[in-house]
Amino acid sequence: MDFNMKKLASDAGVFFSRAVQFTEEKLGQAEKTELDAHFESLLANADCTKNWTEKILHQTEVLLQPNPSVRVEEFLYEKLDRKVPSRVTNGELLAQYMVEAANDFGPGTPYGKTLLKVGETQKRLGGAERDFMHSASINFLNPLRNFLEGDWRTITKERRILENRRLDLDACKARLKKAKAAEAKASLWSDEVEKAEHELRVAQTEFDRQAELTRLLLEGISSTHVNHLRCLHEFVESQATYYAQGYQYMLDLQKQLGSSKGEIFPGTFVGNAESTSPPPATTSPTTVAATIPVVPTVGRAPNPATAVEGALNLNDVKPPASGTRKARVLYDYEAADSSELALLADEMITVYSLPGMDPDWLIGERGNQKGKVPVTYLELLS
């Protein structure tokens, strides 16, 4: 019991001494041991790494799970060391609703058939999203979180110890200075001076040892950057795989729907021809347009010269009597062959349609140049 009381009194004395030293430093009444420039640079780099890692971690969590209540729930499960319950993704839930709706409307009806096809694609997209979230969590989130909860906590602890050692060192310097001042006035060697010098040597040794330990931990931040760089590459690869899968699934669905569009909407173009969304960079509009059959207008015989796009003789094509329209080009387009007109973003051209043409295409004119142009690359003006 005596030992504990002595230790308690000693700890209280040390705490009081540090508090006095800290207060005097803030008031400018005591000198402070400064760290070298390299050490200060390491501290700044460590703080910067910690701050940005926290922000990147949080925003990645928002990207993977936009619902804040779900994120809080998952955080609580993790802190309680309990397994997070399995949840369906938004795409999988949408697929479930579409399949159930198709069964109610009749899977043999055109609407029911389409709902089933779209629902199956949404289910595949949801599965791809689940795989991406799992991969990103393991390969990217966990390393960032481990740094903040492991290495950074250790660095923070050692920095706190180093600060205490510095306060002890400066307090010993102040006591030695006072002891020497009293010795000079008394003109004799004081035991207080010898004691103060001994305490200063001990404090200096402990400070140097702690500074070296903290320096090694701070220098390890560079290896942390290397590890996070590798994790970032893995995150990008998993994200690229996810988007590539999503694009392929949607392209397959588009082909399925395009092949049946002519049966459901004969002679009718369904969609917004003035869409401002750019088509996929790796897909030629020719490929998409090929999936939509051309059906002649009922009650009028198609012109053999223009019923099939491949048979168009551009030199003989004349604007229809109904007139033409101006259009602004939204994106650059490289012509696939001599029958098409290359486009530059923001330029103005004259466009018109001919009977029997694929509704995804128009005839475009620019001066003496003429050729087919994709509607999705245009903003039609009144």
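Residues numbered from 1 in each chain as written. Predicted model: local features only at pLDDT ≥ 70, side-chain atom pairs only at ≥ 80, totals over all residues. Heavy atoms only, no water.

## Details of a nonpolar patch on the surface
Link 1 in the chain: On the surface, a nonpolar cluster with roughly 400 Å² of combined accessible area is contributed by Val 72, Phe 75, Leu 76 and Leu 80.
Link 2 in the chain: Following the sequence through the fold, Leu 80 ends up in the loop between helix 3 (68-79) and helix 4 (90-105). (Patch = residues over 30% accessible without salt bridge, like charges linked within 9 Å, V, L, I, M, F, W, Y side chains within 5 Å. Areas by Shrake-Rupley, 256 points an atom, 1.4 Å probe, with all protein chains shown as cover. Salt bridge = Lys/Arg side-chain N within 4 Å of Asp/Glu carboxyl O. Helix = DSSP H or I, 4+ residues; strand = E, 2+ residues; numbered from the N terminus.)

## Focus on the pattern of salt bridges
Link 1 in the chain: If you walk through the whole model with that rule in mind, you get 15 salt bridges.
Link 2 in the chain: Here Arg 215 makes a salt bridge to Asp 36, at a shortest N to O gap of 3.2 Å. Residue Arg 215 is found in helix 6 (residues 191-219), and its partner Asp 36 is found in the loop between helix 1 (2-26) and helix 2 (37-64); the two are separated by 179 residues along the sequence.
Link 3 in the chain: Put simply, Asp 36, Glu 212 and Arg 215 are held in one network by salt bridges that share partners.

## Points about the environment of Glu 100
Link 1 in the chain: Relative to the helices and strands, Glu 100 is located in helix 4.
Link 2 in the chain: What makes Glu 100 partly exposed here is its relative accessible area of 42%.
Link 3 in the chain: For the pair Glu 100 and Leu 116, spaced 16 residues apart in the sequence, the C-alpha separation amounts to 8.9 Å. (Buried < 20%, exposed > 50% of the residue type's maximum accessible area, 1.4 Å probe, protein only.)

## Points about the confidence of the model for the protein chain
Link 1 in the chain: For the protein chain, the average pLDDT comes to 81, and 79% of its residues sit at 70 or higher.
Link 2 in the chain: Throughout residues 266-277 the model reports pLDDT below 50, and contacts reaching past four residues in sequence, or to other chains, amount to 18 contacts.
Link 3 in the chain: Counting interchain partners and residues more than four positions distant, the pLDDT-below-50 stretch residues 281-311 has 43 contacts. (pLDDT = per-residue confidence, 0-100. Contact = heavy atoms within 4.5 Å.)

## Considering the pairing of strand 1 (residues 325-329)
Link 1 in the chain: As defined by bridge partners, strand 1 adjoins strand 2 (residues 348-352) across four bridges and the pair is classed as antiparallel. When the sheet's bridge partners are listed, Ala 327 is paired in strand 2 with Ile 349. (Pairing = 2+ DSSP bridges.)

## A few points about the sheet that holds strand 3 (residues 361-366)
Link 1 in the chain: Read across the open sheet, the five strands follow the order 4-3-2-1-5; overall the sheet is antiparallel. Of all strands in the sheet, those bounded by a partner on one side alone are strand 4 (369-374) and strand 5 (378-380). Strand-to-strand twist of the sheet, defined as the mean angle between neighbouring strand axes without regard to direction, takes the value 40°. (Axes fitted to C-alpha atoms, helices over the stretch in contact; angles between N-to-C directions.)

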